[in-house]
Amino acid sequence: MDKAEKDRWYRHVSGICQSKAEEFALLGYENVTAEDVWECVSHAYKEIPPMHRLVNDVLSLKPNKYMNYLMIQMYRNS
């Protein structure tokens, strides 16, 4: 999936991603943005799944899964 396609789909779910970022802030993860949530959820997609799966993946994202994603990205970038 290319960046333009990812950006187009992000516009459809950005409100849900923002809601999830705000939920994480309430749990103490204050530096999480909607874009971070989207990158975490969408990084494993080879192609965009149906909209209901996208929404479910965002809404069911747990802080533990997000932190694991961040750790893996840190190791890859170092």
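Residues numbered from 1 in each chain as written. Predicted model: local features only at pLDDT ≥ 70, side-chain atom pairs only at ≥ 80, totals over all residues. Heavy atoms only, no water.

Under an unreviewed UniProt entry, the name given to the protein is Post-transcriptional regulator, and the organism recorded is Brevibacillus brevis.

With that settled, the discussion passes to the overall build of the protein. For the protein, the helix and strand inventory stands at 4 helices and 0 strands. Secondary structure of the protein in N-to-C order comes out as α-α-α-α. The C-alpha atoms of the protein give 12 Å as radius of gyration, which agrees with the globular expectation for 78 residues (12 Å, within 12%). The 78 residues of the protein split such that 32% are buried. A separation of at least 24 residues holds for 66% of the contacts in the protein among residues at least 6 apart in sequence. (Helix = DSSP H or I, 4+ residues; strand = E, 2+ residues; numbered from the N terminus. Rg over C-alpha atoms; globule rule 2.2 N^0.38 Å. Buried < 20%, exposed > 50% of the residue type's maximum accessible area, 1.4 Å probe, protein only. Contact = heavy atoms within 4.5 Å.)

Here the focus is the pattern of salt bridges. Under the counting rule described, the total for this entry stands at 4 salt bridges. We note a salt bridge from Lys 6 to Glu 39, for which the minimum N-O separation is 3.3 Å. With Lys 6 in helix α1 (residues 3-26) and Glu 39 in helix α2 (residues 34-42), this pair connects stretches of sequence that are 33 residues apart. Here Glu 39 falls in the partly exposed class, since its relative accessible area comes to 34%. Glu 23 is paired through a salt bridge with Lys 20; the nearest N and O atoms lie 3.2 Å apart. Of the two residues, Glu 23 and Lys 20 both sit in helix α1, 3 residues apart, roughly one turn of that helix. Under the relative-accessibility criterion, Glu 23 is labelled partly exposed at 35%. Residue classification places Lys 20 among the buried positions, given a relative accessible area of 3%. (Salt bridge = Lys/Arg side-chain N within 4 Å of Asp/Glu carboxyl O.)

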